[in-house]
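Remarks on the overall topology
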Number of protein chains: 2
Amino acid sequence: MTRPADYSLSHPCLLSRVPRFDFETDVAVVGFGAAGSCAAIEARGTGARVMLFEVTSGSGGAAALSGGEIYVGGGGGSLQQRTAGFEDRTEDFHSYLMMAGGPNADAAKVRLYADNALAHLDWLIAQGVEFKNSYIAERVMEPLTDDCLVWTGSEEAWPFSAQARPAPRGHTVRREGWSAGKYLMDTLAARVHAVGVDVRFDARAIALVVDERGAVHGLVVRIDNEPRFVRARGGVVLCAGGFIMNRDMVKRHAPALLRSDHPIGTVDDGSGIRLGMSAGGASINMMEGFVTVPWYPPGSLVKGIFVNELGQRFINEDCYHGRVSQFILDQPGNRIWLLQDHETYAPGLLHETARIGIGAAGESWEEIERELQLPEDTLSATVAFYNRHASRGEDPLFHKAKKWLKPLDKPPFVALDCRVDHAQYSSFTLGGLDTLPTGEVLTEGREAIAGLYAAGRNACGLPRWGKGYSSGLSIADCTFSGRQAGRQAARAAREGSARTS
Amino acid sequence: MTRPADYSLSHPCLLSRVPRFDFETDVAVVGFGAAGSCAAIEARGTGARVMLFEVTSGSGGAAALSGGEIYVGGGGGSLQQRTAGFEDRTEDFHSYLMMAGGPNADAAKVRLYADNALAHLDWLIAQGVEFKNSYIAERVMEPLTDDCLVWTGSEEAWPFSAQARPAPRGHTVRREGWSAGKYLMDTLAARVHAVGVDVRFDARAIALVVDERGAVHGLVVRIDNEPRFVRARGGVVLCAGGFIMNRDMVKRHAPALLRSDHPIGTVDDGSGIRLGMSAGGASINMMEGFVTVPWYPPGSLVKGIFVNELGQRFINEDCYHGRVSQFILDQPGNRIWLLQDHETYAPGLLHETARIGIGAAGESWEEIERELQLPEDTLSATVAFYNRHASRGEDPLFHKAKKWLKPLDKPPFVALDCRVDHAQYSSFTLGGLDTLPTGEVLTEGREAIAGLYAAGRNACGLPRWGKGYSSGLSIADCTFSGRQAGRQAARAAREGSARTS
């Protein structure tokens, strides 16, 4: 008798060796997070039979831990954007997404999403997800009210602002308090059940089933410690998340992320990526992650400046907190301070949680410099240079926008200690399986693998550069890419096209 | 009839589908570079039958383009090190290699090599490779004489010098002129033929042959446009190099390397890595590469300082040229200058080749600053700060060693233009298949794949961090890891242990 230990994430099970099929379905989805939910709903909507296998006893995935923001724009603006006075042209949205994707941005995925984001928001609303028609102009991490539209990226900051007309694009689901993502995911999960997806909890995907040509025909799942064999006529959709919780994988592929001591994930053990690789799928962009320390709000803190342990400034501080944090990781050493004066300083909403404390306080910048044991004329020279230009409304080196520029010259002064090995830096991974916009998984030679799809952080989608990440990009990508993959797998089942061997 | 097009780097060929075996051998080696040569020699030395398949019509690989340095130390020092007065303790060599490997250094591989590097040098000598007993103290890229021992890393530079007692460890083969690596590779190739390895040129590996459990039994090679089937009883040793010449792969895995316009490679199209992945092998560390612009020699240039387009300094300039170049890539923008005064400036030996020219010249640093259109008090303030401390023999920010410190205060001054999109930055990749020190290829779950080995840049070995790379590390790793893999595959053939299905 075969046992679960006979199967491996690293080697697929050959179709000819499957003893029996315990389940037959059109589309098999692995993972009940944002991507898996949307893949299942969309596939089911075409009339396909859909089974969803989830390793835990519940739904939600990492998206349930999020603030529930979805990055949406273009098409002249959503209802919320237009009401708030923002006409968001598709080309500006597109340009921002391309910049946000960094040197390896996926032009085809960006094009598809830029053209369809508004319709995607409508689709989420049709699933029962509510969005208030309201706007918060201040800098927030996520709205703690039930309000919707917020700024969640570096849209107004250089160099993004120079290439794409800025608009707020974080559309937050209508729920008060932290982690509104739980409401988003509960709503999508209810919809999954309502449309008749056959959900199996406590079911761990342990191997793919492939034929001799490499086409995927189903998977092996472990339920009650027994291997169960699933035939999926249209294919398997991998939506099992990233790999931030698998520290060995992080070390091998994205060692810089080990400096974050606060991984954001639920399962996210890389098993979905590994399943895809076992069938010849290529994993790409594996070194990239989202990293952040929540150094604002309040927005007044953005008027301060960051310096590294050489006393050098290194970023326009009006960027998104995650972009700033990525630049922090690039600095030599681990000591980083956020400098504030009496007028700009206010206790950070999340500073206590994030272990950002006061590293030095004094009546002059020279005093702060000495207290931090920096050589003379380093930090103090940096502040003097900044102040001289800020008083003229200029930042010649880093191009911080005028509204955030003010000389830091009103004592007392403070240096907030944002040390990487002390403050709480959160992270998740942005590398995953290479896919087409349809969700079809690609080999390293960019050939599509028949019957295999991936979405969300199991794949590599819109967000793929820590320095370009913006809140809401990952959930936008998970929900949208999940839908594409679910639809494509259902189509394959309908056309019987996946199997040619 | 089967045709080459029926086979794919992305999917292995099932053993049960092999129509016939055209060749039977104990060990099949793919690639006739440094790793493949040593794998073949070592396997053959145990009495195994060995076939070597090379896609080009000749031998040498990227190693033949190199300076022929091999990074060797420990054990109290080689003959050359001891003669030159350096007692190189194994623990210092080990510490340096661990630091050089960066955050994802492979402790097991470093340990094995640190303990056996001297014996490895003896082995190379036994193959006919000559090394003179001589030492060059000056900073060079590679010796243009037939001399041997040179400094090829950051051994004397902070932070390396603080953790490992420095010694020169670049052992260069005895050959005058540039690219002595050609002599090294010709010598090893002659040895390959002499010991009776069956070498097939113009033979492209196009697929691995695996059984239903994933064990590797051989490979498919294309010869005269026909697929030829090779059974390798002990296994296949992949030594087909890195992927720097495959610009699509570079874009997906190591986009930062696209900024180098001068890839160093011969074939290096990633096909060997892809073959390994097709059998479930994990590729790791794919974002890392070696990058360099040859800004010295002469060594006097090391007394200058680098500044970025903000006028900031960013590195102790006494580091290895490649480490400095990696830090250059991390700087914002692409404008980089090397500042020199009348006493330190000398035409760089390779500046013309590398397109490093004079960006500005003047009688004061303020004049240079204006000429480069930098804001007032940026570059000039950086030089003033540096000079103030250099005159006291100190570099409080970057810890450049005292011997290289001198105030840059003798006009005229020059700013050498090292722009990334203008000067010649060379590169090769440091990511590849994950392997044990024996060369056994590992899955993402770190299970060894029976019958599959990899070495050199086809694998991920000792050099795996651009900021730690030192000349000679890659050839040391290629030749040493090739030997381990060849020996292990031969042992598997002898013991018949690779095949259990």
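The rules behind each value
Residues numbered from 1 in each chain as written. Chains lettered and ligands numbered in written order. Predicted model: local features only at pLDDT ≥ 70, side-chain atom pairs only at ≥ 80, totals over all residues. Helix = DSSP H or I, 4+ residues; strand = E, 2+ residues; numbered from the N terminus. Rg over C-alpha atoms; globule rule 2.2 N^0.38 Å. Buried ≥ 20, exposed ≤ 12 C-beta atoms within 10 Å, placed from the backbone. Contact = placed C-beta atoms within 7 Å. Pairing = 2+ DSSP bridges. Core = buried A, V, L, I, M, F, W, Y, C linked by C-beta atoms within 7 Å. Least-squares fit on C-alpha atoms with pLDDT ≥ 70 in both. Domains from an automatic or database assignment. Nonpolar A, V, L, I, M, F, W, Y, C, P; charged D, E, K, R; others polar. pLDDT = per-residue confidence, 0-100. Axes fitted to C-alpha atoms, helices over the stretch in contact; angles between N-to-C directions. Left-handed = near helix turned anticlockwise from the far one by under 90°. Expected span 1.5 Å × (residues − 1).

What follows is about the overall build of chain A. The helix and strand tally for chain A stands at 12 helices and 21 strands. The C-alpha radius of gyration computed for chain A amounts to 24 Å, which stays within 12% of the reference 23 Å derived for 501 residues, consistent with globular compactness. Projected onto the principal axes, the alpha-carbon positions of chain A cover approximately 75 × 45 × 40 Å. Split into buried and exposed, the 501 residues of chain A put 61% on the buried side. Pairs at least 24 residues apart make up 75% of the contacts formed inside chain A by residues separated by at least 6 positions.

The next point concerns the sheet that holds strand β13 (residues 289-292) of chain B. Residue and element names in this part refer to chain B. Pairing within the open sheet is mixed, and its three strands lie in the order β11-β18-β13. Edge positions in the sheet fall to β11 (262-263) and β13, since each has one partner strand and no second. Examined bridge by bridge, β13 and strand β18 (residues 426-429) share four bridges and lie antiparallel to one another. The residue bridging G289 from the neighbouring strand is T429, located in β18.

Further remarks concern the nonpolar core. In this structure, A:V27, A:V236, A:V237, B:V27, B:V236 and B:V237 are the most contacted members of the largest nonpolar core, which totals 325 residues. Dropping the residues within four chain positions of it, A:V237 is found in contact with A:V27, A:V29, A:V30, A:A39, A:G439, A:Y453, A:A455, A:A485, A:G486 and A:A489.

Quick look at the sheet that holds strand β13 (residues 289-292) of chain A now. Residue and element names in this part refer to chain A. If you walk across this open sheet you meet the three strands as β11-β18-β13, and the pairing is mixed. What marks the edges here is a single partner per strand, and that holds for β11 (262-263) and β13. With two bridges joining them, β11 and strand β18 (residues 426-429) adopt parallel strand pairing. Each residue of the ladder has a partner; that of P263, found in β18, is S427.

The next point concerns the relation of the copies chain B and chain A. At an RMSD of 0.0 Å, chain B and chain A line up after a rotation of 180° and a shift of 0.0 Å along the axis. As the rotation angle and translation indicate, the two copies are arranged about a two-fold axis. For chain B, the minimum C-alpha distance to the rotation axis belongs to B:M287 and amounts to 3.2 Å. Here 100% of the interface residues in chain B have copies in chain A that are interface residues too; the copies meet face to matching face.

What follows concerns the domain arrangement of chain A. Residue and element names in this part refer to chain A. Taken as a whole, chain A is organised into domain 1 (4-63 + 181-290 + 428-495), domain 2 (69-172) and domain 3 (294-417). Taken together, the contact between domain 2 and domain 3 spans nine residues of the former and 13 residues of the latter. For the side of domain 2 that touches domain 3, the residue count by class is four nonpolar, two polar and three charged.

So, about the pairing of strand β15 (residues 336-340) of chain A. All names here are of chain A. Of all five residues in β15, five are buried, a share of seventy percent or more. Both faces of β15 are covered, namely the face carrying I336, L338 and Q340 and the face carrying W337 and L339. Direction of pairing for β15 relative to strand β17 (residues 413-417): antiparallel, over a ladder of four bridges. What sits directly across from L339, in β17, is A415.

It is worth spelling out the interface of chain B and chain A at this point. Listed per partner, the contact involves 36 residues of chain B and 36 residues of chain A. Here the residues of the side of chain B that touches chain A sort into 15 nonpolar, 11 polar and 10 charged.

So, on to the confidence of the model for chain A. Model confidence for chain A is summarised by a mean pLDDT of 95, while 98% of its residues fall at 70 or above. With pTM at 0.94, the complex prediction returns an ipTM value of 0.92.

Here we come to the packing of helix α1 (residues 34-45) of chain A against helix α12 (residues 473-495) of chain A. Residue and element names in this part refer to chain A. Following both chains from N to C, one finds α1 and α12 inclined at 35°, their axes separated by 7 Å at the closest point. In the crossing of α1 with α12, the sense of the turn from one axis to the other is right-handed. When α1 is examined against α12, the residues A34, A35, G36, S37, C38, A39, A40, E42 and A43 are found in contact with a partner set consisting of I475, C478, T479, S481, G482, R483, A485, G486, R487, A489 and A490.

On to unusual backbone geometry, then. Each neighbour pair has its own omega, and for A:Y296 with A:P297 the value is 0°, a cis peptide bond. Mapped onto the elements, A:P297 comes out in the loop between β13 and β14 (305-308). Cis geometry marks the peptide bond from A:P297 to A:P298; its omega dihedral reads 5°. Counting through the fold element by element, A:P298 comes out in the loop between β13 and β14. Even without a glycine there, the phi angle at A:H399 is positive, about 65°. Mapped onto the elements of the fold, A:H399 is located in the loop between α11 (379-390) and β17. Although it is not a glycine, B:Q373 sits at a positive phi angle of roughly 60°. Looking at where B:Q373 falls in the secondary structure, it is placed in the loop between α10 (365-371) and α11 (379-390).

With that settled, consider helix α8 (residues 271-278) of chain B. Residues and elements named next belong to chain B. Where burial is concerned, most of α8 is hidden: eight out of the eight residues are buried. Looking only at α8, the buried set comprises S271, G272, I273, R274, L275, G276, M277 and S278. Taken from the residues just after α8, G280 is the one with a positive phi, measuring 95°.

Here we come to the environment of B:M287. Structurally, B:M287 is set in the loop between β12 (283-284) and β13. A sequence separation of 31 residues divides B:M287 from B:A256, and the C-alpha atoms of the two residues are 7.9 Å apart. Setting aside residues no more than four positions away along its own chain, B:M287 makes contact with A:M287, B:H253, B:A254 and B:G431.

On to α11(B), then. In this model, α11(B) (12 residues) spans 16 Å end to end at C-alpha, consistent with the 16 Å of a helix rising 1.5 Å per residue. Taken together, the buried positions of α11(B) are occupied by B:L379, B:A381, B:T382, B:V383, B:Y386 and B:A390. Contacts made by the buried residues of α11(B) are with α11 of chain A together with β14 (305-308), β15 (336-340) and α10 of chain B.

Our focus in this paragraph is the environment of B:H193. All names here are of chain B. In this fold, H193 is placed in helix α6 (residues 181-194). In this structure H193 comes out as partly exposed when scored by C-beta crowding, with 13 C-beta atoms within 10 Å. Spatially, the C-alpha atom of H193 lies 36 Å from that of H253, the residues being 60 residues apart in sequence.

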